[in-house]
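Residues per chain, in single letters:
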Amino acid sequence: MKKIFAILFGASLLWSCNPLEDTYKQLDDAQEPYKESIEYTLVDADYVTASDAAMKDALSKEDSTIAKSIKSNLAFNSRFPGKDYIPVILSNNFPALSKGSSAKITYNEFAALPSYFADLSSIYTLTTSDYKKLWGSNTLYVEAFTPTVNVEDSLPVLLDKIFPDDSDGKYRFIAYNYSAEEAYTTGGLLQKVKFDFEEGTAYDPVANAWINKDLIGTKTWDYRSYSGNLYAQMSSYNSGEQNDVWLIRKFDKLDTIANPMLTFKVKVGYYNADCLHILISDDFDGNEANIATATWTDITSSFTLPQEPTSGYGASFEDAGSFDLSSYKGDTIYVAFQYVGNGTDNSATTTYQIDDVTISDDATILNVAETEKMYTAYTKKGNDWEPASDIFVLNDADYQELGFTNGYISTTDAQTYLPIYLKLKFPYTLDGEVKNVAFRNDKDDVSSATVLQFNKVNGEWTINDFLDTHSDQFFNDGTKWFFDPTIHLTLGASDYQLLVDWVYNNLDRSYGSSYGNDEFYFGASAYYSNFDLRLSKRTQYNIPGFEGLTEEEQMALVWERLEEGLTILLSEKYPDAVSDVSGFPVYYWVYFKTFENDFNNYYYVGIFQKTKDTHPFFERKKDIEDEMVNQGKLTEDDVNWNRPASE
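Residues numbered from 1 in each chain as written. Predicted model: local features only at pLDDT ≥ 70, side-chain atom pairs only at ≥ 80, totals over all residues. Heavy atoms only, no water.

Asks: Honestly, the sheet that holds strand β19 (residues 434-440) in this entry has me stumped. Any pointers?
Replies: Strand pairing in a sheet relies on backbone hydrogen bonds. The paired strands run either parallel or antiparallel. With mixed pairing, 4 strands are arranged side by side in an open sheet as β18-β19-β20-β21. Looking at strand neighbours, the two that pair on one side only are β18 (391-393) and β21 (460-463), the edges of this open sheet. Going across the sheet, the axis of each strand differs from the next one's by a mean of 35 degrees, ignoring polarity. Two strands pair when backbone bridges link them, and β18 and β19 are joined in this way by 3 bridges, in the parallel orientation. Paired with V393 across the strands is A438, a residue of β19. (Pairing = 2+ DSSP bridges. Helix = DSSP H or I, 4+ residues; strand = E, 2+ residues; numbered from the N terminus. Axes fitted to C-alpha atoms, helices over the stretch in contact; angles between N-to-C directions.)

See below:
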């Protein structure tokens, strides 16, 4: 979200001056309390006023940036919405307007961004564990898709395993490796257990489940570090004693490995004698007091230990070779690195460094010749993952064509170059089409991404800044201006269809015609966008409840059900409705049309409010209707429906 705001802060908008400015100035100059209903469009200075007020409410540096953006963008935002700050503008601009005054204010505010913008703001890169799931093996796998194990068939299945809790509508930005050639098999060693000494601290004695004991002297194998790599090191140089230092590690569960092999890496410094021996025991009990009495088999000859350099250190760690542990499967074994040296005369003081002590499996493995990093977007539809056809994802080839060779483009550059690139990439798109473009936007952070939306207008791609123009009502209660959250709803075909569908699903499908766009329990017709109140239709469709009633009683029931139907319609349309906003009641003014027994259309208004927590949530507020009639905002004819004659 921060990045999207960063995009939008640079936008500039121009708005017309208020044509009634002179009139308002005269009112303000009079400085006499005055009740009036006005319409007003905010101008640049108003956004400055609101921005200054929002700055006082800012709680963080980010808040301050967003508050300042109100005046630079000439628009409010979700953090500082117009309904909270327009009262400040009204008090500042129209001090003479008093209790009972109303103002219809037109202003700009950033629209809520589509939810997938947040979903696609980070890139998930498939891990080794993910590729093992992809290939269905912990050993025979490669970290890539191939022509056979392809993205189209395999990635949706894999995403289900990686993100089992993702629900319908979720988007994912995925980075993966792809090999244009099939994987091939080779022989090799697959690491099963590895000890790399990375858990230690340089110059401390090696610990962490290692036995580290000098049987005749006082030396130990120590952790050492070079270029960020930790390893174990031992030398008798200048020890002033003879040394017999054992570094021992327990290995078990070899039964889980088909062909277990022992390997390690070694580097030598200042060679002057063969001081290192590798031994193995299957009867040592793990007690360092029993090292000398256990049976140890010397397997040093299975490895190649360097005998150089005699001055300085080897350039790098080298593989020492391997020893087949198959004969020990089923046993618990201990592997020892024994250093025998003489520091009394420095005659045997070769420095040995060992690293990556590993038990591997000598088995067939898979390889690929070359892979390419690819990016894609998928979305969850129902229970299935599908390619996100509404998202155009930039890949390396796109960055290259754009002239950015590092596999990313900054958000600022994207605003400049993407409209041109889209015109070249999609030359035959028509005006009105939309493209959402997802891309990497940070050189160093491989997971950082953003989405920009572009619209085709007059043959050119333009960025969607997600600005909405609102016209909201505000009232003055004598002490302050406040936002009026009243919702005015003129019922259209889709609204009537909500009630039609509810009747079909909850009452009886036979209460409507075969066209599926009407019902006569409440009378909703999506086809004609009205309520059909004719009694003949109740008879034709066998609507229950009318048996034995007089015509007057039947009409009363028709109106009663219409009112009930409106409460259900509103509950279907506004399932998340609230009864108030910031302490002010939310009323729903519903404008609807009827077709009655005299074959004429009539128009009515009903005012409703959410008052219940169970469906239907709404009820009619006749007292508010009467108040609006008294204020001249409605007529008696508007609200004179389903009211007893006594009312």
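Moving on from the coordinates now.
Asks: What is the right way to read the sheet that holds strand β12 (residues 297-298) from this model?
Replies: With antiparallel pairing, the 5 strands of this open sheet are ordered in space as β6-β9-β14-β11-β12. Two strands close off the open sheet at either side, each with one partner strand: β6 (211-214) and β12. Across 2 bridges, strand β11 (residues 276-281) lies against β12 in antiparallel orientation. Counted as the bridge partner of I280 is T297 from β12.

Asks: In this structure, what is going on with the side chain of R538? I would like to understand it.
Replies: Structurally, R538 is set in helix α12 (residues 535-540). One buried charged residue, R538, remains without a salt bridge, the closest side chain of opposite sign being D532 at 4.5 Å. Engagement of the side chain of R538 in a polar contact is seen with the backbone oxygen of D532, the distance being 2.6 Å. (Buried < 20%, exposed > 50% of the residue type's maximum accessible area, 1.4 Å probe, protein only. Lys, Arg positive; Asp, Glu negative; His and termini not counted. Salt bridge = Lys/Arg side-chain N within 4 Å of Asp/Glu carboxyl O. Polar contact = N/O pair within 3.5 Å; in protein donor to acceptor, adjacent residues only side chain to side chain.)

Asks: What is the right way to read the side chain of D355 from this model?
Replies: Relative to the helices and strands, D355 is located in strand β15 (residues 351-367). Nearest to the buried, unbridged D355 among oppositely charged side chains is K265, at 7.0 Å. Separated by 3.1 Å, the side chains of D355 and N229 make a polar contact. Not counting the four nearest positions on each side in its chain, D355 is found in contact with F195, D196, F197, N229, L230, Y231, F264, K265 and F317. (Contact = heavy atoms within 4.5 Å.)

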